[in-house]
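Understanding the architecture of this molecule
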Amino acid sequence: VFHNMFMANERYNFNERYNGNSKINDYKIELDYTDWEAIDNFKEVTAHNMIKFIYTGTIDDVPLDTVRDHLHLVTTYKLEMMGPLVQKRLSDSLSAANCVKLLLLSLAEPILLELKEMAIQTILNNLSTVTSLEEWENLVRDHPDLTTRILTTYFMSPKEDANVE
């Protein structure tokens, strides 16, 4: 289903484009056909990234609302090498505007440990902006210990050396 959708969407011949460099045999994916319904429920970008990863070892952008679906694919279909790519895409999009969202996401998904550290550093570097975000209030309410550590680090350390462990 997804292979046909991908082929129709992209309108090119995989053999010509990738010259036999298919990654599909490297991952030995065992698809349980009873689970196709779960895959059908993923957003199109998630399915696209799974197929692209299988064939090329790369992925496109990962919208925040699809991160959990992407990580579900990583664990369900043993696509371990896709996990760091998801984290890299998220890290590349990290900004003062989304750092608290990404921190909250990384707290819920242990695979995103590096993203957690980068999000904390972004918060420290942009604290005056970040504290006005609605997500900041959620962080304070749901993770008071982490919030205390972030604020302690900010106020007790020189700004350029601020680092929360």
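Residues numbered from 1 in each chain as written. Predicted model: local features only at pLDDT ≥ 70, side-chain atom pairs only at ≥ 80, totals over all residues. Heavy atoms only, no water.

Details of helix H11 (residues 134–142)
We apply this condition: Three exposure classes are used, based on accessible area relative to the maximum for each residue type with a 1.4 Å probe and protein chains only: buried under 20%, partly exposed in between, and exposed over 50%. Working definition: helices are DSSP H or I runs of at least four residues, strands are E runs of at least two. Numbering for both runs from the N terminus. This arc corresponds to the set of directions leading from the helix axis out to the C-beta atoms. Any pair of residues with heavy atoms lying within 4.5 Å of one another is described as a contacting pair.
For H11, the full list of buried residues reads Glu-135, Trp-136 and Leu-139. Buried residues of H11, viewed axially, fall in a sector of 105°; they line one side. In this structure, H11 carries Glu-134, Glu-137 and Arg-141 as exposed residues pointing more than 90 degrees from its buried face. On its buried side, H11 packs onto helix H8 (99–108), helix H9 (113–125), helix H10 (127–130) and helix H12 (144–156).

Quick word on the packing of helix H7 (residues 82–92) against H9
What counts here: Here an axis means a line fitted to C-alpha atoms, over the contact stretch when the element is a helix, while the angle between two N-to-C directions is reported on a 0 to 180 degree scale. Any angle from 65 to 115 degrees is called roughly perpendicular, while one under 35 is roughly parallel, one over 145 is roughly antiparallel, and all others are oblique. Polarity classes work like this: nonpolar for Ala, Val, Leu, Ile, Met, Phe, Trp, Tyr, Cys and Pro, charged for Asp, Glu, Lys and Arg, and polar for all others, with Gly in that last group.
It is the contact of H7 with H9, at a shortest axis distance of 9 Å, that shows an interaxial angle of 10°. Here H9 runs roughly parallel to H7, going by the angle between their axes. On the side of H7, the interface is formed by Gln-87, Leu-90 and Ser-91, while H9 contributes Leu-113, Glu-114, Leu-115 and Met-118. For the contact of H7 with H9, the per-class residue count stands at four nonpolar, two polar and one charged.

Topic: unusual backbone geometry
Positive phi, normally seen in glycine, also occurs at Lys-78, with a value near 50°. The exposure class of Lys-78 is exposed, given its relative accessible area of 54%.

Digging into the packing of aromatic side chains
We describe a pair of aromatic rings using the distance from one ring centre to the other and the angle between the two ring planes. Selection criterion: Note on aromatic pairs: the rings of Phe, Tyr and Trp (six-membered ring only in Trp) are paired at centre separations within 6.5 Å, and the planes decide the class, stacked below 30 degrees, edge-to-face beyond 60, tilted for the rest.
Under the criterion given, the structure shown has one aromatic pair. With a centroid separation of 5.0 Å and 90° between ring planes, the pair formed by Tyr-154 and Phe-155 is classed as edge-to-face. Overall, the relative accessible area of 60% leaves Phe-155 in the exposed class.

Notes on the pattern of salt bridges
The test is simple: Criterion for a salt bridge: a side-chain nitrogen of Lys or Arg within 4 Å of a carboxyl oxygen of Asp or Glu.
If you walk through the whole model with that rule in mind, you get seven salt bridges. Lys-43 serves as the salt-bridge partner of Asp-65, at 2.4 Å between the closest nitrogen and oxygen. Pair noted here: Asp-65 is in the loop between helix H5 (44–56) and helix H6 (67–76) and Lys-43 is in the loop between helix H4 (36–40) and H5, with a separation of 22 residues, a long-range link. The partner of Arg-89 in a salt bridge is Asp-61, with the nearest N and O atoms 3.0 Å apart. Highlighted residues: Arg-89 in helix H7 and Asp-61 in the loop between H5 and H6, separated in sequence by 28 residues. On the basis of relative accessibility, which here comes to 31%, the residue Arg-89 falls in the partly exposed class. For Asp-61, a relative accessible area of 53% translates into the label exposed.

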